[in-house]
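Structural description and commentary
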Amino acid sequence: MGLNIRAIVKTLSLMLILIGFSMMPSLLISVFYGEYKTAEAFAKIIFPVLATGALISSQIKIIPHQLKMREGFIIVALSWFFASLIGSLPYLVTETVDGFVNAFFESVSGFTTTGATIISNVEILPKGILFWRSFCQWLGGMGILIFAISILPALGISGQRIARAETPGPTLNKLRPRMSDSAKMLYYIYAVFTISAISLLILGGMDPFDASIAAFGSVASGGLSNYNSGIQHFNSAYIEFIASFFTVIACINFTLYYSIVRGRWRDFFKNSEVRIFLLILCLATAIITADLWLTGSYNTIWESLRFGFFQSSAFITTTGHYSTNFNIWTSFSKMVLFILMLIGGCSSSTGGGIKVIRVIILFKLIKRSFHVKLHPKAVIPIKVDGKIIPPDTMAGVMSFFYLYVFVFIASTFILSLENLDLLTTFTTTAAALNNVGTGLELIGPTGSFALFSDFSKVYLSFLMLMGRLELFTIILLFTPSFWNPDR
Amino acid sequence: MDFRLITRVLSIVILIEAFSMVPALSVSLIYNEHSTAGAFLFSIVLMLLLSIAGIYFVKPLSKSVNIREGLLIVASSWILASLLSVLPYMLSGSIQGFADAFFESSSGFTTTGASILSNVESLPRGILFWRSFTHWLGGMGILVFAIALLPSLGIGALHIAEAETPGPTTDKLTPKLTSSTRILYYIYIGMTTAEVILLLLGGMNVFDAFIHTFGSVGTGGFSSYSDSIAHFNSLYIEIVITVFTLMAGINFNLYYFLFFRNWRDFVKDRELRAYLLIILFSAVLIAVILYYFGIAERFGTALRLAFFQTVTIITTTGYSTTDFNLWPSSSVMILLLLMFVGGCSSSTSGSIKVIRIVVLFKLIRRGIYKRLHPTAVVPVKLNGKNLSSGVVSSIASFLFLYIIIFMVGTLIVSIENVDLITAASTVAACLGNVGPGFGEVGPLSSYSLYSDATTVFLSLLMITGRLELFTILLLFMPGFWDTNR
């Protein structure tokens, strides 16, 4: 079949080293807070992991050659899977999470920046573990940026690519992704966002630990918290606003920040994806605020706006933070949240979901078909930002969307075997597939995913990975033609 | 746009509707319901006057209907027919309030079968008959009669037929529009007669047999009993109704093949195969779930319940033999999905239609294939023929539009602050012309819980769904009215 197994194994061994190093901060946190048992557990994991990784990677020498597309898909899928597997070790060794399935779920939820949890009481966990949980998200957010900006275009998954500014991202042609300066800058931007978020949250009166957890949750659009009541715990409009602000900017196409750094502000504000994204957010905030105020859910219009904006931004960015129990909101507001969940953030950002650019293209497709009904012979190209979308990209967006719908429906059916109410079931699918992590009813702000059976938890982990990696990356691995190159 | 031409065609539609009320009038007379008969008589006379005025005084400028006029004629005919059908409901006092009456009559014509009435047994027979008769008329399309009449008036009507026939138009049946619609009507009438006779043999009285025949061949779902088909508690009747709704959900053009003994094209049809496969698969799956969760004690009973419900939901009929609201979530989920699938194109059923689902899966398959072979040019094939990129993109945008309308519709209904499953299934049931939904609009409940504004919105949603979205939505586009664009 001619797969370059060496290249795959080498990448995975590098992954081991990376994860090993990533556990260091958590180890330090544990030591700092005097949680020696947790620290010991981290140490026990880090050294074998690093040693194995180093051993394997030193043994394998690769002849540099063009990486084939199939290998690219396998590497991406396995990397996320592997990272989640290793990432579940701290939970298991410290025995903070019962059983492999739960630990794996928690770890996948972290690396996919979903922020769903099976732990019903997070406040009793050691700080080191809490830090690791959130740090996984941060790593996942970083990983997804690399994936979206550098790897996806090489794999030819269109849609994400369309709104890209003129910055050519690095390509995957020599195995080691060569980072051009422009791409490196994007990762610096991510780091800068994180540090600013932490600093601003500390200014709001949070202690550095809480601030880091909340910042990781925001910039990675993950949404895990170290309190059972989430952001509500702090009950501060300032903190809510800072968290929302950073989730929103983390959900804007990162390549556009490069334009800003280069002084091309126009590119940023002329970008239709960003405009529509912000427009949807403002519109949703406005109607939720009006609804909450008019139906008397909150006493003042200011409070309605505060929670309306926080919850809208938390859902469209697929973060899943919560600062209020939105389960008691009206059906109308809940429906708006559900729609926001499906739309998701911009392309090449840390947000999940269908992505705004695809929604824009699909709406343009509808607009065109209205025109064609009246003028059957007209040939009208679809344009975004003045550029014509090639038919192949159009077909790619369409097939992505319908695959999404199909996966959504099939997954909802599989989860409905749990015989929970349908609204819980639907929003569970949406929460996992779009990497939101919070849904309505039983998995709303007060609930956790602990109520699902092991089978469903494994399936949900799979769904989170699938959603994060833009469906095709995972689904392709299950098609016979993927493994049979002659077809 | 030639509004005189449009007025003339609409007048013909009114004329046809006036004549269609005659059977209901006779039923009222037979059952001695004099006030109902009076209501029908008044409506008939009023409509006759309107239509004669329209036909006699308005002289059209042009001889053929263009695309815009065709779309406008179809959209306004359906809305007008539903509006006029409000007359007997309100005049006889069976339904108070315009919004409710409009809902009931659009639900009839669009073959939805959703009702705002909680106790249908108390209605006069004439009204019950009219309600179900609108199913029968709407099933085939209320303009089909008009199309048959138009050529004799010297008006070409191709664009009307295109706008009213459900499903993407992929091929023409016969070059002569009127002769093919005539054959389709013979088939429809034949099916109706056969079902009435079979139901009579099952021990139904004549009135009930007609009501349930109209409900099943029109894939509507109005019954003369609140508990629908469960009232009869007869396996035979359930089987007859299942078979006929199933047949009504098949592309009528395929019967045309049968008519000329062209078995191959019938059996080989991709859409038909997919349709039957979906039914078989869903029914067996539901039966297993019902048996597993102990809803049915014996597997045979589970199969009976599952088959009946699967067929009536996928064909968007909406008859029920049990309160499927109480079923486990997984079976409810399957039924909800079937609501979106619908029957075959050019059948009397509503919703998305199997052919579009088939194309959707082909698009997904092609998408996966193209990931690995980015340069490959893969056409989408159906029944061995390549679909043009125009047809594929129109199907793709239809599906997306359907999802958008469903979402926005649910959002609008959720203003009523019913739970979201009720709201979503209300919209799915109305847009797909199914009838009953889940939650508070389940098979044993009615749509009376909604406010007038929502009721009217849902009525328009049913008509939008029946006319395959574009026909109604185009009217709201500025480009439609601006002929220069």
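**Some remarks on the overall build of chain B**
Each helix and strand counted, chain B has 22 helices and two strands in total. Taking 2.2 N^0.38 as the reference for a compact globule, 485 residues should give roughly 23 Å; the C-alpha atoms of chain B span a radius of gyration of 22 Å, in line with that estimate. Each of the three principal axes of chain B carries a C-alpha extent, and together these read 65 × 55 × 50 Å. Split into buried and exposed, the 485 residues of chain B put 55% on the buried side. Taking the contacts inside chain B whose residues are at least 6 apart along the sequence as the reference set, 72% of them involve residues at least 24 apart.

**Considering the overall build of chain A**
Summing up its helical and strand segments, chain A has 21 helices and two strands in all. Each principal axis of the C-alpha atoms in chain A carries an extent, and together these give about 70 × 65 × 50 Å. Classification of the 487 residues of chain A by burial places 55% in the buried group. Restricting the contact set of chain A to residue pairs at least 6 apart, pairs at least 24 apart contribute 71%.

**Re the interface of chain A and chain B**
With 44 residues of chain A at the interface, the matching set in chain B holds 41 residues. Mapped onto the side of chain A that touches chain B, the elements with two or more residues apiece are helix 15 (331–343), helix 16 (356–374), helix 17 (391–416), helix 18 (422–433), helix 20 (472–475) and helix 21 (480–483) of chain A. Here the element with the most residues in the side of chain A that touches chain B is helix 17 of chain A; it accounts for 13 residues. The class makeup of the residues in the side of chain A that touches chain B is 28 nonpolar, 13 polar and three charged.

**Side note on the domain arrangement of chain B**
All names here are of chain B. Domain annotation of chain B identifies domain 1 (1–157) and domain 2 (165–400). Here the C-alpha centroids of domain 1 and domain 2 sit 26 Å apart. In this assembly, 24 residues from domain 1 lie in contact with 23 residues from domain 2. Elements supplying a minimum of two residues to the side of domain 1 that touches domain 2: helix 6 (125–140) and helix 7 (143–149). No other element matches helix 6, which puts eleven residues into the side of domain 1 that touches domain 2. Of the residues assigned to the side of domain 1 that touches domain 2, the class counts are eleven nonpolar, ten polar and three charged.

**Quick notes on unusual backbone geometry**
Residue and element names in this part refer to chain B. A positive phi is found at Asn-417, a non-glycine position, where the angle reads about 60 degrees. As for its position among the elements, Asn-417 is in the loop between helix 18 (389–413) and helix 19 (420–431). Residue Asn-433 is not a glycine yet carries a positive backbone phi of 55 degrees. Within the secondary structure, Asn-433 sits in the loop between helix 19 and helix 20 (452–466).

**Describing the nonpolar core**
Among soluble globular proteins, nonpolar side chains are generally buried collectively. The biggest cluster of nonpolar side chains holds 280 residues, and the ones touching the most others in it are Leu201(A), Ala215(A), Val219(A), Phe401(A), Val13(B), Leu290(B) and Met339(B). Setting aside residues up to four positions removed in sequence, Leu290(B) forms contacts with Ile295(B), Ala296(B), Ala302(B), Leu305(B), Ala306(B), Trp327(B) and Ser331(B).

**Structural notes on helix 19 (residues 454–468) of chain A**
Residues and elements named next belong to chain A. Taking 1.5 Å per residue as the helical rise, helix 19 with its 15 residues ought to reach 21 Å, and the 21 Å between its terminal C-alpha atoms agrees with that figure. Considered for burial, the residues of helix 19 that qualify are Ser-456, Lys-457, Leu-460, Ser-461, Leu-463, Met-464, Leu-465, Met-466, Gly-467 and Arg-468. Glu-470 sits one or two residues past helix 19 and shows a positive phi near 60 degrees.

**Notes on the packing of helix 15 of chain A against helix 18 of chain B**
Helix 18 of chain B packs onto helix 15 of chain A with a crossing angle of 155 degrees between their chain directions and a minimal axis gap of 8 Å. One element, helix 15 of chain A, and the other, helix 18 of chain B, form an angle in the roughly antiparallel class. Classified by chirality, the crossing of helix 18 of chain B by helix 15 of chain A is left-handed. Taking contact as the criterion, the partners of Phe332(A), Met335(A), Val336(A) and Ile339(A) in helix 15 of chain A are, on helix 18 of chain B, Met407(B), Thr410(B) and Leu411(B). Among the residues making up the contact of helix 15 of chain A with helix 18 of chain B, the classes are represented as six nonpolar, one polar and no charged.

**Focus on the environment of Lys364(A)**
Residue and element names in this part refer to chain A. Along the chain, Lys-364 turns up in helix 16. Accessibility expressed as a C-beta count within 10 Å gives 18 for Lys-364, which makes it partly exposed. With 27 residues separating them in the primary sequence, Lys-364 and Pro-391 have C-alpha atoms 13 Å apart.

**A few points about the environment of Ser79(A)**
Residue and element names in this part refer to chain A. Tracing the chain through its elements places Ser-79 in helix 4 (residues 69–87). Classification of Ser-79 by C-beta neighbours within 10 Å gives buried; the count is 21. The spacing of Ser-79 and Ile-8 is 71 residues in sequence and 9.3 Å in space, taken between C-alpha atoms.

**Quick notes on the confidence of the model for chain B**
All names here are of chain B. Per-residue confidence for chain B gives a mean pLDDT of 89; residues scoring 70 or more make up 92%. Overall, residues 170–175 carries pLDDT values under 50, and its contacts beyond four positions in sequence, including any with other chains, amount to six contacts. The ipTM, which scores confidence in the relative placement of chains, is 0.92 for this predicted complex, and the corresponding pTM is 0.93.

**As for the environment of Ile231(A)**
Residues and elements named next belong to chain A. Counting through the fold element by element, Ile-231 comes out in the loop between helix 9 (208–219) and helix 10 (237–250). In the structure, Ile-231 is positioned 93 residues away from Thr-324 in sequence and 8.4 Å away in space, judged by C-alpha atoms. If we skip the residues at most four places from it in the chain, Ile-231 touches Ala-214, Ser-225, Ile-239, Glu-240, Ala-243, His-321, Tyr-322 and Ser-323.

Cut-offs and rules
Residues numbered from 1 in each chain as written. Chains lettered and ligands numbered in written order. Predicted model: local features only at pLDDT ≥ 70, side-chain atom pairs only at ≥ 80, totals over all residues. Helix = DSSP H or I, 4+ residues; strand = E, 2+ residues; numbered from the N terminus. Rg over C-alpha atoms; globule rule 2.2 N^0.38 Å. Buried ≥ 20, exposed ≤ 12 C-beta atoms within 10 Å, placed from the backbone. Contact = placed C-beta atoms within 7 Å. Nonpolar A, V, L, I, M, F, W, Y, C, P; charged D, E, K, R; others polar. Domains from an automatic or database assignment. Core = buried A, V, L, I, M, F, W, Y, C linked by C-beta atoms within 7 Å. Expected span 1.5 Å × (residues − 1). Axes fitted to C-alpha atoms, helices over the stretch in contact; angles between N-to-C directions. Parallel < 35°, antiparallel > 145°, perpendicular 65-115°, else oblique. Left-handed = near helix turned anticlockwise from the far one by under 90°. pLDDT = per-residue confidence, 0-100.

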